[in-house]
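# Reading the structure
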Number of protein chains: 2
Amino acid sequence: MKVVIVGNSGHKNYVLDAFSPAFSIEGVAPGVEGESMDSLMGDPRIDCPLYADWHALLDRVNPDLVVNNTWYGRAAAVTAESLKRGIHVFAEKPLAGSLEELDEIRRLWRKGSAVLGGMFGISYSAPFVTLREYLKSEGIGRLRMINARKSYKLGERPEFYKHRDTYTGTIPWVGSHGVDWILRYSGKRILEGYALHSTEENCGHGDLELTALCSYLLEDGIQASLSIDYCRPGAASTHGDDRLRLAGTEGVLEIREGRVFLIDSGEEREMPLLPAESVFSSFLQACLSTESGRIWGDHALSVSEICLKSRDAADGCRRFTL
Amino acid sequence: MKVVIVGNSGHKNYVLDAFSPAFSIEGVAPGVEGESMDSLMGDPRIDCPLYADWHALLDRVNPDLVVNNTWYGRAAAVTAESLKRGIHVFAEKPLAGSLEELDEIRRLWRKGSAVLGGMFGISYSAPFVTLREYLKSEGIGRLRMINARKSYKLGERPEFYKHRDTYTGTIPWVGSHGVDWILRYSGKRILEGYALHSTEENCGHGDLELTALCSYLLEDGIQASLSIDYCRPGAASTHGDDRLRLAGTEGVLEIREGRVFLIDSGEEREMPLLPAESVFSSFLQACLSTESGRIWGDHALSVSEICLKSRDAADGCRRFTL
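Residues numbered from 1 in each chain as written. Chains lettered and ligands numbered in written order. Predicted model: local features only at pLDDT ≥ 70, side-chain atom pairs only at ≥ 80, totals over all residues. Heavy atoms only, no water.

### Considerations on the overall build of chain A
So the rule is basically this: Secondary structure elements follow DSSP: runs of H or I no shorter than four residues count as helices, runs of E no shorter than two count as strands, and numbering proceeds from the N terminus. Restricting the calculation to C-alpha atoms gives the radius of gyration, and the globule rule supplies 2.2 Å times the number of residues raised to the power 0.38. Whether a residue is buried, partly exposed or exposed follows from its accessible area with a 1.4 Å probe, protein chains only, as a fraction of its type maximum: under 20%, in between, or over 50%, in that order. Contacts between residues were defined by any pair of non-hydrogen atoms, one from each residue, lying within 4.5 Å. In these tables, accessible area is a Shrake-Rupley quantity obtained with a 1.4 Å probe, and a residue counts as shielded only by the protein chains included in the view. His is not counted here, nor are the chain ends, while Lys and Arg score as positive and Asp and Glu score as negative. Think of each charge as sitting on NZ of Lys, CZ of Arg, CG of Asp or CD of Glu.
When its secondary structure is counted, chain A shows eleven helices and 14 strands. Rg of the C-alpha trace for chain A: 19 Å, near the compact-globule value of 20 Å for 322 residues, within the 12% margin. For the C-alpha atoms alone, the extent of chain A along its principal axes is close to 60 × 45 × 40 Å. The proportion of buried residues among the 322 residues of chain A is 62%. Across chain A, the fraction of contacts at a sequence separation of at least 24, relative to all contacts at a separation of at least 6, is 71%. Carbon and sulfur atoms make up 48% of the accessible area of chain A, which totals about 11800 Å². Averaged over its 36 positive side-chain charges, chain A has a centre that lies 3 Å from the centre of its 45 negative ones.

### A word on the packing of aromatic side chains
How we decide: Classification of ring pairs uses Phe, Tyr and Trp, with its six-membered ring standing for Trp, and accepts pairs whose centres are within 6.5 Å; under 30 degrees between planes counts as stacked, over 60 as edge-to-face, and the remaining range as tilted.
Going through the model one piece at a time under the given rule, you end up with 39 aromatic pairs over all chains. Between Phe283(A) and Trp296(A) the ring centres are 5.2 Å apart and the planes differ by 65°, which places this aromatic pair in the edge-to-face class. Of this pair, Phe283(A) sits in helix α10 (residues 279-287) while Trp296(A) sits in helix α11 (residues 290-315), and the two are 13 residues apart along the sequence. Note on accessibility: Phe283(A) and Trp296(A) belong to one class, buried. With centroids separated by 5.2 Å and ring planes inclined at 70°, the aromatic side chains of Tyr72(B) and Phe160(B) adopt a geometry described as edge-to-face. Taken together, the residues span a long stretch of sequence, with Tyr72(B) in the loop between β3 (65-68) and α4 (75-84) and Phe160(B) in the loop between β6 (143-152) and α7 (164-167) at a distance of 88 residues. The exposure classification of Tyr72(B) matches that of Phe160(B), with both residues buried. Here the aromatic residues Trp71(A), Tyr72(A), Tyr152(A), Phe160(A), Tyr161(A), Tyr167(A), Trp173(A) and Tyr230(A) are joined through ring pairs into a cluster of three or more.

### So, the pattern of salt bridges
Side-chain pairs of opposite charge can arise where the charged atoms are in close proximity. Our working rule: Salt bridges are defined by distance alone: a side-chain nitrogen of Lys or Arg within 4 Å of a carboxyl oxygen of Asp or Glu.
For the coordinates displayed, the defined rule picks out 74 salt bridges over all chains. The closest approach of N and O atoms between Glu270(A) and Arg259(A), which form a salt bridge, is 2.7 Å. In this pair, Glu270(A) sits in strand β13 (residues 269-270) while Arg259(A) sits in strand β12 (residues 259-263), placing the two residues eleven residues apart along the sequence. Using a relative accessible area of 35% as the deciding quantity, one classes Arg259(A) as partly exposed. Residue Arg45(B) pairs with Asp17(B) through a salt bridge whose shortest N-O separation is 2.7 Å. Of this pair, Arg45(B) sits in the loop between α2 (38-41) and α3 (54-61) while Asp17(B) is found in the loop between α1 (13-16) and β2 (24-29), placing the two residues 28 residues apart along the sequence. Residue classification places Arg45(B) among the partly exposed positions, given a relative accessible area of 33%. Its relative accessible area of 58% is what places Asp17(B) among the exposed residues.

### Describing the domain arrangement of chain A
Residue and element names in this part refer to chain A. Note the following rule: Each domain's extent was defined by an automatic or database domain assignment. Put simply, buried area is how much 1.4 Å-probe accessible surface two parts lose in total, over both of them, once they are put together. Polar contact is defined as a pair of N or O atoms within 3.5 Å, subject to the rule that within protein one atom must be able to donate a hydrogen and the other to accept it, and that residues adjacent in sequence are counted only when both atoms are side-chain atoms. Amino acids are sorted into nonpolar (Ala, Val, Leu, Ile, Met, Phe, Trp, Tyr, Cys and Pro), charged (Asp, Glu, Lys and Arg) and polar (every other residue, Gly among them).
On domain assignment, one finds that chain A holds domain 1 (2-120 + 280-292) and domain 2 (122-275 + 309-321). Between domain 1 and domain 2, the contact holds 17 residues from the first and 18 residues from the second. Summing both sides of the interface, domain 1 and domain 2 together bury roughly 1400 Å²; the carbon and sulfur share of this comes to 59%. Ranking the residues of domain 1 by area buried against domain 2 places Tyr 72, Lys 93 and Phe 120 at the top, with a combined share of 43%. In this assembly, domain 1 and domain 2 are joined by one salt bridge. Across the pair Arg 74 and Asp 165 runs a salt bridge whose closest N-O atoms are separated by 2.4 Å. In this assembly, domain 1 and domain 2 are joined by nine residue pairs in polar contact (both at pLDDT 80 or more). Taken together, the residues of the side of domain 1 that touches domain 2 break down into eight nonpolar, six polar and three charged.

### Focus: the interface of chain A and chain B
Facing 53 residues of chain A, the contacting portion of chain B comprises 53 residues. Where chain A abuts chain B, roughly 4100 Å² becomes buried across the two surfaces, and 49% of that area is made up of carbon and sulfur atoms. Its largest share of buried area at the contact with chain B, chain A owes to Tyr194(A), Leu213(A) and Gln223(A), together 13% of the area lost on that side. Where chain A meets chain B, there are 14 salt bridges. Between Asp229(A) and Arg245(B) there is a salt bridge, with its nearest N and O atoms 2.9 Å apart. Here chain A and chain B share 31 residue pairs in polar contact (both at pLDDT 80 or more) between them. Counted by class, the side of chain A that touches chain B contains 18 nonpolar, 17 polar and 18 charged residues.

### Remarks on the relation of the copies chain A and chain B
Definition in use: To superpose the copies, least squares is applied to the C-alpha atoms of every residue with a pLDDT of at least 70 in both.
Between chain A and chain B, the superposition needs a rotation of 180° and an axial shift of 0.0 Å, giving an RMSD of 0.0 Å. The superposition of one copy onto the other is thereby described by a two-fold rotation axis. An overlap of 100% is found between the interface residues of chain A and their copies at the interface of chain B, pointing to a shared contact surface.

### Side note on the side chain of Thr79(A)
Here Thr79(A) is to be found in helix α4 (residues 75-84). A polar contact is formed between the side chain of Thr79(A) and the side chain of Asn68(A), at a distance of 2.8 Å.

### With respect to the confidence of the model for chain A
Put simply, the rule reads: How sure the predictor is of each residue is captured by pLDDT, a score from 0 to 100.
Overall, the predicted model of chain A reaches an average pLDDT of 96, with 100% of residues at or above 70. Here the prediction assigns the complex a pTM of 0.96, and the interface score ipTM is 0.96.

### So, the sheet that holds β2(B)
All names here are of chain B. For clarity, the cut-off: Two strands qualify as a pair provided that DSSP identifies no fewer than 2 bridges between them. Fitted lines through C-alpha atoms give the axes, limited to the stretch in contact for helices. The angle between two N-to-C directions lies from 0 to 180 degrees.
Pairing is parallel in the open sheet, where five strands are placed in the order β2-β1-β3-β4-β5. Looking at the sheet topology across the chains shown, the edges are occupied by β2 and β5 (116-118). Ignoring which end each strand starts from, the neighbouring axes of this sheet average 20° apart. Packed on one face of the sheet, helix α10 (residues 279-287) meets β1 (2-6), β3, β4 (88-91) and β5 and runs near 160° to β4.

### Notes on empty space enclosed by the protein
Quick note on the threshold: We place a 1 Å grid over just the protein atoms. Points where a 1.4 Å probe fits but has no way out form a cavity, open points with protein on both sides within 12 Å along at least 5 of 7 lines form a pocket, and any residue with an atom within 4 Å of a point lines it. Grid points are joined across faces, edges and corners, and a volume is the space filled by probe spheres set on the points.
Within the structure shown, the criterion is met by one cavity of 30 Å³ or more. When its volume is computed, the largest cavity comes out at roughly 250 Å³. At the level of elements, β6 (143-152), β9 (223-229) and β10 (240-248) of chain A together with β6, β9 (223-229) and β10 (240-248) of chain B are the ones that each hand at least two residues to the lining of the largest cavity. Among the residues making up the lining of the largest cavity, the classes are represented as four nonpolar, six polar and eight charged.

### A few points about unusual backbone geometry
The linkage connecting Lys93(A) with the following residue, Pro94(A), adopts the cis geometry, with an omega of -5°. Here Pro94(A) is to be found in the loop between β4 (88-91) and α5 (99-111).

### Observations concerning the sheet that holds strand β2 (residues 24-29) of chain A
Residues and elements named next belong to chain A. Spatial strand order, β2-β1-β3-β4-β5: five strands in an open sheet with parallel pairing. The two strands at the open ends of the sheet, each matched to only one other strand, are β2 and β5 (116-118). Each strand of the sheet is rotated relative to its neighbour by a mean of 20°, with strand direction disregarded. By the bridge criterion, four bridges tie strand β1 (residues 2-6) to strand β3 (residues 65-68) in an arrangement that is parallel. For Ile 5, the partnering residue across the bridge sits in β3 and is Val 67. Helix-sheet contacts for α10 involve β1, β3, β4 and β5, and the interaxial angle to β4 is about 160°.

### Focus: the environment of Leu57(B)
Inspection of the secondary structure puts Leu57(B) in helix α3. Note: C-alpha distance between Leu57(B) and Gly27(B) (30 residues apart in sequence) is 6.8 Å.

Okay, here's the thing in structure tokens:
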């Protein structure tokens, strides 16, 4: 499969770490003027031409798959153009910076047969794979409550994080992981929600919201909280602190510090971790299957919609319905 | 100080464990018809008469302080009558089952000089005392995010838990601890909120909500989540799983499993625990001081108001403002 990479601002390693004979990277280009491609071109795993313009890249290479990795708020144009051309897209999340852009992407995706997927790589890491498989095999009864949390170090972020227009917002960019987990592990739809966010104390990061908090009501009366912040101190041992807790009628599963803990009718115990998987390898598989291909697109569109509606609600009246 | 106990349905041990020459228990009575006083009268630390009626108890003993420990949804009448008589009240939370009852209690409390306090005993346990003192001495910069969680075993609860009228609800009864923490450790007011709850899967417990979720916006743009559930499996090592996380601009403090963890500019570390304190002994001290006495009443009334407004919002339009 012929792959190209547009942009150098997100999780390119999901692709580079998945190198296999199943695909080859045939070209790269910035997604917006001024986006530095240096760290990508300097990666020893990259051995392909750099194009100055991503339209030219698509024209010349005519790829099967675009990795869309540009500034989050500018990624929608690349995705839309790729879908128009029938090219599969593996995109940073959110898929768009506004609901209008997202509607356009949904329309193009529905019209064609290209597969559209989001970079929800955390759900392919060892603890999340372990949780997923336990839910499939044993389960925790009827799910009642989900608590998700993302906490990152702020550090000094590139300029494009400081503008809503290019960053999209903390709920869409960071929170999309939490919304991914909530939808993925519940298997239910979100019916309504409430969201707060604040840019205070963001150390000169402009529009970037330092904190955000979302509550969701899902089908079946399931409730879900999502707390997001950039308050993780610089001295902490890891960049991110990802937490997820699922409470059901027959047990409670919790991920913290990269470990998985279970309480059910037996002893409280830590679960042995299953191996991590590759989100990009899984996406490549999905590109070969009509059915799972549609699931990827539906999921990425749903997560993006929830995130953008949450962000817009946090800006305004706070509560929203779907 | 002459103390009487009305009812036998809440945290009587806060009082019994605090025995000292500073007070003596001179009588007990049920708070409602049908409330069993057996376990209280059978306690070796109790050596006083049992009255059939709490009005008669107040008439005969003329106490300085009433411990109000009856069914949560029926406690307001005892508190109101005691305040009318100028008697200090140490009460189960919430202070009332409805906002109308709470208004009446506030009115009586403002008119007199009796001290009114809530049974927020968890905030006097070792990890919470440790957290409180660290916030006082070192702090974590400017507080931005609070995440509170309560998870209890459901088990088989007495009949009065199964009716809103006598139980008040899961947000008021269980959630009041979380609201206590949020107000106490932020020192800020809650401006608005959003709440959800559900009785589904409550194993025949009638009106009792198995799960509830609240989001609050505080002064200064601080956000707070409060997740409550009765999903803790019976096999778990402790009855309750209390979690609290405070994220500020200079550090993150977290209580879990009875321990306190800190991340700041130094290494991530567990903090040595300070000794637990007694909520009832502290309340007795407050009864001797006009200033701290008013703080106790203000706090218990605020927590109760937030909880009742959250519960009512969860029943209806979900979002509320203060």
